Structure formats: structure tokens, C-alpha cells
Amino acid sequence: TMEMNVRYHDIKHMLDRVERLAKDGNGEIPDMSGLRRSVEELRPPVHTGNDVLDVLFRNMDDLCRRENIRLQYIAYDDCLGHFDGISLYFLFANAIDNAVDGARGVSDPDKRLIDISVRRFGDSAVIHIWNYFTGAVTVGEDGLPVSAGGSAGIHIQLHIVPPLNFACNVIF
């Protein structure tokens, strides 16, 4: 329910704040790792209104948790109706995989996050995937960033997007 989602979100942020205060030396608190695990186990199911995104975000959230990366998302399905399920899955899966690769090298736990938003803008959908990154960005001959695994993920995204009359911008 919406109330459960709000309470989960609020408790999670309170735990983050208390742990940051203790880390900064602003007070002593008992070990809260058990409480944190309990809260994380209670996380509400993903419900974006799009079955493909629900499954993908849940699976990616589990992957990110194992990597100590926070995955945050807000999606409005009504602007993604023209995507077929397979294209939608691969577009987001590749983009999130690239973001995980970038966030993996960030040492600050508060910056190990991936933020995803999907919104309508006029007749278009705006998909924004953002993450922190440390280190140098290597750019290939095509102007796209190249990761340790190459730029195949971005190239796959660029092949998925044009048939849908979309544009893809990579900003770094």
C-alpha cells in the first residue's frame, strides 16, 4: 500500500541519518545493522505500473544491494506504452549495467547510487539515468564513453532507440 511505502521510505531515511550522525561523532548508537536488515527485508514490492520495469527494477535492486549501491527510481508507465517489452527491458538493463559499472568504483557510500526517472515531456518520454563516477572518462572514436568492458552497452541502447523515434544523449 502507499502508506507502507511512505513509512518504509521514512524509516530508511531516519536510519541513514542516525548512522551518519554517529559516524560523524555526534553521538553513540548501538549497532543498528539488524534493524537495517529487517527494514530492507520489508521493502515494498516494485510497482511502476509496467510489468517489465517492475521485474527489471526488482532484479537490478537486488544486484545493486549486493554491490552496496543504492538504486532509486520513479517511473510513469503511461509514457512507455509504445516500447515493446523486450526493447524496454534491454534498454534499461544495459543502461543500469553501465551505471553499476560506474558506481562500483565510487568509495563514498553516500555516492554509491543510481537514480532513474522516467517522465513524459509533451509527446515524448524522458529517461534519465544518473550515477556518480570516479576516474577518467575515456572517449572512443564515436564520441561515446568507453568502460573497462567497452562501449557495447551504449551501442546496444543506440540501436534500440532510433526505431522508436527517440533520441539518446550521453552526458558525462
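Residues numbered from 1 in each chain as written. Predicted model: local features only at pLDDT ≥ 70, side-chain atom pairs only at ≥ 80, totals over all residues. Heavy atoms only, no water.

1. A few points about the environment of valine 126
Applied cut-off: The numbering of helices and of strands both runs from the N terminus, where a helix is a DSSP run of H or I of at least 4 residues and a strand a run of E of at least 2. Throughout, exposure labels follow a simple rule: accessible area from a 1.4 Å probe, protein chains only, divided by the maximum for the residue type, with under 20% read as buried, over 50% as exposed, and the rest as partly exposed.
Relative to the helices and strands, valine 126 resides in strand S3 (residues 124–131). Judged by its relative accessible area of 42%, valine 126 is partly exposed. Linking valine 126 and cysteine 79, residues 47 residues apart in sequence, is a C-alpha distance of 8.6 Å.

2. What to know about helix H3 (residues 51–66)
Because each turn of an α-helix spans 3.6 residues, side chains separated by three or four positions end up pointing in the same direction. To keep it simple, the criterion reads: By definition here, a helix of n residues has an expected span of 1.5 Å times n minus one. Two residues form a contact once any of their heavy atoms are found within 4.5 Å.
Under the 1.5 Å per step criterion, the end-to-end length of H3 is 23 Å for 16 residues, consistent within 8% with the ideal 22 Å. Looking only at H3, the buried set comprises Leu53, Asp54, Leu56, Phe57, Met60, Asp61 and Cys64. Buried residues in H3 make contact with strand S1 (70–75), helix H4 (85–104) and strand S2 (113–121). Of the residues trailing H3, asparagine 68 is marked for its positive phi of about 60 degrees.

3. What to know about the nonpolar core
In plain terms, the rule: The term nonpolar core refers to a set of buried residues drawn from Ala, Val, Leu, Ile, Met, Phe, Trp, Tyr and Cys, joined through side-chain atoms within 4.5 Å.
Residues Leu80, Phe92, Ile114 and Ile116 are the most contacted members of the largest nonpolar core, which totals 23 residues. Those elements that provide at least two residues to this core are H3, S1, H4 and S2. At 8 residues, H4 tops the list of elements feeding residues into this core. In contact with isoleucine 114, other than residues within four places in its own chain, are Cys64, Ile69, Arg70, Leu71, Gln72, Ile96, Ala99, Val100, Ala103, Ile129, Trp130 and Asn131.

4. Examining the confidence of the model for the protein
Operational definition: Values of pLDDT, which run from 0 to 100, indicate the predictor's confidence residue by residue.
Here the protein shows a mean pLDDT of 75. Residues at 70 or above account for 67%. Model confidence for the protein, summarised as mean pLDDT per element, is weakest for helix H5 (residues 152–160) at 54 and strongest for S2 at 87.

5. Some details on a nonpolar patch on the surface
Condition: The patches reported here contain residues having more than 30% relative accessible area and no salt bridge. Joining distances are 9 Å for like charges and 5 Å for nonpolar side chains (Val, Leu, Ile, Met, Phe, Trp, Tyr). For every accessible area listed, the method is Shrake-Rupley and the probe measures 1.4 Å; residues are considered covered only by the protein chains on display. Any Lys or Arg side-chain nitrogen located within 4 Å of an Asp or Glu carboxyl oxygen qualifies as a salt bridge.
On the surface, Ile86, Tyr89 and Phe90 cluster together to form a nonpolar patch covering roughly 310 Å² of accessible area. Mapping isoleucine 86 onto the fold places it in helix H4. Assessed through its relative accessible area of 59%, isoleucine 86 is described here as exposed.

6. Considerations on the pairing of S3
Rule in force here: For two strands to count as paired, DSSP must find a minimum of two bridges between them.
Pairing geometry for S2 and S3, over 8 bridges, is antiparallel. Looking at the pairing, phenylalanine 121 lines up with serine 124 of S3. Connecting S2 to the antiparallel partner S3 that follows it, the hairpin turn spans 2 residues, and glycine 122 within it adopts a positive phi of roughly 65 degrees.

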